[in-house]
Amino acid sequence: MSKLQIYSCGAFNESYIKNLTLFTTGFGRISLCCGLLFLAVLPFLCCPYVLFLLNTAGIYAMAAVGLNFLTGSTGQISLGQGASFGIGAYTTAILVSKLELSFFLAIPAAGTLTVLFAIGFCIPAARLRFIYLAFITLAGQLIFDHLIKWMPLTGGQEGLIINESSFLGLDLNDDRIVYYIVFLCLVAFTWMAVNLTRTSYGRAFSALRINPRATEALGISVVKFRMLSIAMSSFYTGLAGGLFTLHMLAITPELFNLWLSIEFIAMIIIGGLGSISGSIMGACFIVILNEFLIFLTDIATKNDLLIDPALTNLALREFSLGIIIVLFILFQPKGLYGIWHNIILYFRRWPFS
Amino acid sequence: MRSFQRDPSVLVDIRLDKIQADLKMNKISLKFGGMTALNKIDLTVKTGDFLSIIGPNGAGKTSLLNCITGNYQYQGGNILFNDKVITGLPTHQIINLGISRTSQNIELFQGISVLDNLLLARHMHKSYNFIEASLFSRSVKKNEVYHREIVEELISFLEIEPIRNTLVEELSQGMQKRVALGRALALGPKLLLLDEPFTGITFEEKEAMIRFVTTLNEVWNLTIILIEHDLPVVLNISKKIVVFDFGVKVAEGSPDFIQDHPQVIEAYLGDSSTF
Ligand SMILES: Nc1ncnc2c1ncn2[C@@H]1O[C@H](COP(=O)(O)OP(=O)(O)O)[C@@H](O)[C@H]1O
Ligand SMILES: [Mg+2]
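Described in the following lines is the structure provided in the data block. (Residues numbered from 1 in each chain as written. Chains lettered and ligands numbered in written order. Predicted model: local features only at pLDDT ≥ 70, side-chain atom pairs only at ≥ 80, totals over all residues. Heavy atoms only, no water.)

### Looking at the sheet that holds strand S4 (residues 76-81) of chain B
Residue and element names in this part refer to chain B.
Inference 1: Pairing is antiparallel in the open sheet, where four strands are placed in the order S2-S1-S4-S5. The outermost strands of the open sheet, each flanked by one partner alone, are strand S2 (35-45) and strand S5 (84-85).
Inference 2: As judged from the seven bridges shared by strand S1 (residues 23-32) and S2, these two strands associate in the antiparallel manner. Along S2, the bridge assignment pairs lysine 31 with threonine 36. (Pairing = 2+ DSSP bridges. Helix = DSSP H or I, 4+ residues; strand = E, 2+ residues; numbered from the N terminus.)

Printed below as a string of structure tokens:
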């Protein structure tokens, strides 16, 4: 067991099994526990508005962790995460409102269905070079955008409203309940993602990004692993979509358009490609940014600072996200995770830093 | 703490003669557009052999390896490994049958450590599935430790302990080739294909490489096909030599026979500038 002790000359592992643990020292584990404890009491400390944002951020974070498998680890780009998210959300909504299934069953079913859709759609691309996946997922996103507006099953332009608002007997109108559901899912699935990255599967995913030909020469099927990463990411995204329905209890088509796909990519770039904690930070960043921009548009329109019709909130969002991505790529390619890591290193090396 | 001054377990089975590694190529022909890269090549390798392929640049040596490992689709002929036809199988399945190779241009995974490069080669021997991996169960941990030990045995066999945590791109060419050999061995091969492992590296590194390769064949009885330009070395260490030129097999025989072969003397020994 790792003891609570200060390693003045650096911590060294003395067995291979110890190398597999997440934290070299007891302090890492304690700070993780403190962090989780803080998150567990957070809904009682913050106002309803912040709680609503936290729920949204947690749900986006789950989708971002999934996308990180695809883009961060295996280096494939998907422009269809918004559609995956939407399929998860709509499937859940339909199962709950039309078939009167409970959320508890509907959300995993939605995740599974999303995987089936994604695999069916991406099989042709998995045999080809990486760039094809970007285009086929873009095509999927565009088809999805319009199809859900046309189909009666998905409620057309008006979307779907869920009357059922209980989860295993808990009242979903209480955002705290939603918070705990989202929180537990996010912690569980992040933990699973972390586990995968430290096993042979995680190594094979990165190998696939670095050099597909050499990966195949190690007896690892490139096609199978590309499909696996697509399945993984769409499962995470589909589940997140299901949670989104549970969170909002009403969904409309424009919530899941191409813009959402772009936001997901922005989350993992801003958070730090390939980093799981970065994906979560990126999701929080985007949610905060969006709220901040809504606030900014409000002020600007009230004070007649800008020509009114030109400054819609969406335009401002696109504009500032563009600027921010460019700044991150220029000055902090490792994203928020990189910044966080540097801060930690600074304190660890103090007073020599 | 256990030290690994002991025999690499991936090799132990081979020495006990449990492993069969017979490769048979029948009339392999490979064309790129109108150009013939390989013309009806017949080649047989038996368990325990050390076969070297020599020939000038562009003779088709690398192409032959690529045909064996399924990277190139050849137009004619077939290849049998342990009496099983491997023609048309995808590369990863051929590797899973126990053929592993190093590449002329190394092809290690840049940006990750030597250790991770070697561990990657153990992927096909892992005993857990995707779900178990995501839960990181006890059996996963045990299996990870097991593979780490196997890799450590190879690290000590190849004398690369000091660089196990170094990123591969920081290593010299010679060290990279040594790590690539380690990665090929970590796959647990029955048949090892080496593409120019002694080319472009320093004298000391070359000496060590030659020591490892000969040990693998002579001590561990691993079956090896070697491609190399350095004729004196090849004549010294191989049991059988095949000479290629323009995709055709020019000569085949023991080192002594090849040394005295008129065509070989004319093509290679007479003019040292071709090497
Ligand atoms: N992928 C390829 N596409 C086209 N031509 C190739 C390809 N690979 C090899 N060749 C050609 O086949 C011939 C044999 O090449 P190679 O096997 O690499 O030679 P060696 O390894 O003996 O130097 C060369 O003329 C080379 O140009
Ligand atoms: Mg070659």
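### Some words on the packing of helix H11 (residues 258-271) of chain A against helix H13 (residues 313-331) of chain A
Residues and elements named next belong to chain A.
Inference 1: Packing of H11 against H13 brings their axes to within 10 Å, and their N-to-C directions diverge by 30°. Between H11 and H13, the angle falls in the class roughly parallel. Both H11 and H13 take part in a crossing whose hand is left-handed. Between H11, through Trp259, Glu263, Ala266, Ile269 and Ile270, and H13, the contact on the second element is made entirely by Leu314, Arg317, Glu318, Leu321, Ile324, Ile325, Phe328 and Ile329. (Axes fitted to C-alpha atoms, helices over the stretch in contact; angles between N-to-C directions. Parallel < 35°, antiparallel > 145°, perpendicular 65-115°, else oblique. Left-handed = near helix turned anticlockwise from the far one by under 90°. Contact = heavy atoms within 4.5 Å.)

### Points about the interface of chain A and chain B
Quoted interface sizes are often the accessible area lost when the parts come together.
Inference 1: The partner chain B presents 35 residues to the 31 residues of chain A that form the contact.
Inference 2: Of the roughly 3100 Å² buried where chain A meets chain B, counting both sides, 69% is carbon and sulfur surface.
Inference 3: When the buried area of chain A at its contact with chain B is split by residue, Tyr16, Arg203 and Leu218 of chain A rank highest and sum to 25% of it.
Inference 4: Between the two partners, chain A and chain B, sit two salt bridges. (Buried area = accessible area lost by both parts, 1.4 Å probe. Salt bridge = Lys/Arg side-chain N within 4 Å of Asp/Glu carboxyl O.)

### What about the pattern of salt bridges?
Opposite charge on two side chains allows them to pair when their charged atoms are near.
All names here are of chain B.
Inference 1: Inspection of every chain in the model, using the stated rule, returns 10 salt bridges over all chains.
Inference 2: One salt bridge connects lysine 249 with glutamate 252, and the closest N-O pair in it is separated by 2.8 Å.
Inference 3: You can call lysine 249 partly exposed: its relative accessible area is 27%.
Inference 4: Look at glutamate 252 and you get partly exposed, because its relative accessible area is 30%. (Buried < 20%, exposed > 50% of the residue type's maximum accessible area, 1.4 Å probe, protein only.)

### Thoughts on the packing of aromatic side chains
All names here are of chain A.
Inference 1: For the structure on display, the rule yields 23 aromatic pairs over all chains.
Inference 2: Considering the side-chain rings of tyrosine 90 and phenylalanine 256, the 5.8 Å spacing of their centres and the 65° angle between planes classify their relative orientation as edge-to-face. Of the two residues, tyrosine 90 sits in helix H4 (residues 81-97) while phenylalanine 256 sits in the loop between strand S4 (250-251) and H11, which places them 166 residues apart along the sequence. With respect to burial, tyrosine 90 and phenylalanine 256 carry one shared label: buried. (Phe/Tyr/Trp six-rings, centres within 6.5 Å; stacked < 30°, edge-to-face > 60°.)

### What to know about the environment of leucine 243 of chain A
Residues and elements named next belong to chain A.
Inference 1: As for its position among the elements, leucine 243 is in helix H10 (residues 222-248).
Inference 2: Under the relative-accessibility criterion, leucine 243 is labelled buried at 2%.
Inference 3: Among residues more than four places away in sequence, those in contact with leucine 243 are Ile59, Met62, Ile107, Ile181 and Cys185.

### Let's talk about the coordination of the magnesium ion (ligand 2)
Residues and elements named next belong to chain B.
Inference 1: For the magnesium ion (ligand 2), the protein coordination sphere consists of Thr62 (OG1) and Gln104 (OE1), at 2.0 to 2.3 Å. One end of the pair, threonine 62, is in helix H2 (residues 61-68); the other, glutamine 104, is in the loop between strand S6 (99-101) and helix H4 (114-120), with 42 residues separating them in the sequence.
Inference 2: When its relative accessible area of 23% is taken as the criterion, threonine 62 is described as partly exposed. (Donors = N, O, S within 2.8 Å, 3.2 Å for Na, K, Ca; no water.)

### Section: the sheet that holds strand S8 (residues 223-227) of chain B
All names here are of chain B.
Inference 1: In space, the six strands of this open sheet follow the order S6-S7-S8-S3-S9-S10, with mixed pairing throughout. Two strands in the sheet have a free side with no partner beyond their single neighbour: S6 and strand S10 (248-253). The sheet shows a mean angle of 15° between the axes of neighbouring strands, taken without regard to direction.
Inference 2: Against the sheet, helix H8 (residues 203-218) touches strand S3 (50-54), strand S7 (191-195) and S8, its axis set at about 145° to S8.

### Details of the environment of leucine 249 of chain A
Residue and element names in this part refer to chain A.
Inference 1: The residue leucine 249 is located in the loop between H10 and S4 in this model.
Inference 2: A residue is classified by how much of its surface remains accessible, and leucine 249, at 11% relative accessible area, is buried.
Inference 3: Along the primary structure leucine 249 and glutamate 263 are separated by 14 residues, whereas in three dimensions their C-alpha atoms are 22 Å apart.
Inference 4: If sequence neighbours within four positions are ignored, leucine 249 has contacts with Phe103, Ile161, Ile162, Glu164, Ser165, Leu172 and Asn173.

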